[in-house]
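Now for the letters of each chain:
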Amino acid sequence: MDAKNLIQIQTLCSHYNLEFSFFDELKNIGLIEIEIVEQKQYIHQDQIGNLEKMIRLHNELNVNLEGIDVVFNLLDKERELRNELNALKNRLRLYENDLKN
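Quantities reported herein were computed from a predicted structural model and do not represent experimental measurements. (Residues numbered from 1 in each chain as written. Predicted model: local features only at pLDDT ≥ 70, side-chain atom pairs only at ≥ 80, totals over all residues. Heavy atoms only, no water.)

Moving on to the nonpolar core. Grouped together as the largest cluster of nonpolar side chains are 20 residues, with contacts concentrated most on Leu-12, Phe-23, Leu-26, Ile-32, Ile-43 and Leu-51. Taken together, the elements giving at least two residues each to this core come down to α1 (9-16), α2 (20-29), α3 (48-60) and α4 (65-100). For this core, the leading source of residues is α3, giving five residues. In this view, Ile-32 contacts Phe-23, Leu-26, Lys-27, Ile-43, Gln-47, Leu-51 and Met-54; residues no more than four positions away in its chain are not counted. (Core = buried A, V, L, I, M, F, W, Y, C linked by side-chain atoms within 4.5 Å. Buried < 20%, exposed > 50% of the residue type's maximum accessible area, 1.4 Å probe, protein only. Helix = DSSP H or I, 4+ residues; strand = E, 2+ residues; numbered from the N terminus. Contact = heavy atoms within 4.5 Å.)

So this is what it looks like as structure tokens:
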């Protein structure tokens, strides 16, 4: 495990002024992955962007953890649908080009 890409949960608690239980609940819902190294809990730095969005939803908009889960599930679904739409557009262009030739 490359610890240089990990951020300790305790550091995040201090930085964002949050209780550890917030991170534990996010993990229980499946929104973040917590890794344990030498009995300390960390998250990977790649998760920070989404984590900050979750914190803003929670603190600024008073969205509960279940609501955050719904928001992120909808965002994932929207991303999947957008990718599917782009793939279908590309296939349609291919068929249109074949008809022109």
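There's more to say after this.
This part takes up the packing of aromatic side chains. Across all of its chains, the model carries one aromatic pair by this definition. Ring geometry for Phe-22 and Phe-23: centres 5.8 Å apart, planes at 85 degrees, overall edge-to-face. An identical accessibility class is assigned to Phe-22 and Phe-23; each is buried. (Phe/Tyr/Trp six-rings, centres within 6.5 Å; stacked < 30°, edge-to-face > 60°.)

Here we come to the sheet that holds strand β1 (residues 6-8). On the basis of which strands lie adjacent, the open sheet formed by three strands has the order β1-β3-β2 and antiparallel pairing. With partners counted over all chains shown, the strands left at the sheet margins are β1 and β2 (35-37), one partner each. Within this sheet the neighbouring strands show an average axis-to-axis angle of 45 degrees, counted without direction. The sheet contact formed by β2 and strand β3 (residues 40-44) spans three bridges and is antiparallel. Residue Ile-36 lies in a different strand from β3, and its bridge partner there is Gln-41. Where α1 meets the sheet, its contacts fall on β1 and β3, and the angle it forms with β1 comes to roughly 65 degrees. (Pairing = 2+ DSSP bridges. Axes fitted to C-alpha atoms, helices over the stretch in contact; angles between N-to-C directions.)

All right, on to unusual backbone geometry then. If you check the backbone angles, Gln-39 has positive phi at about 65 degrees while not being a glycine. Looking at where Gln-39 falls in the secondary structure, it is placed in the loop between β2 and β3.

Right, let's talk about the pairing of β3 for a bit. Where β1 and β3 come together, three bridges link them in antiparallel fashion. Following the sheet pairing, Gln-8 is matched in β3 by Tyr-42. Hairpin connection, β2 to β3: the antiparallel pair is bridged by two residues, and Glu-38 has positive phi, about 50 degrees.

As a further point, take the side chain of Gln-47. The topology assignment puts Gln-47 in the loop between β3 and α3. Polar contacts involving the side chain of Gln-47 include one to the main-chain amide nitrogen of Glu-33, which spans 2.8 Å. With residues up to four places along the chain from it excluded, the contact list for Gln-47 reads Leu-31, Ile-32 and Glu-33. (Polar contact = N/O pair within 3.5 Å; in protein donor to acceptor, adjacent residues only side chain to side chain.)

Just distances and angles here, no functional claims.
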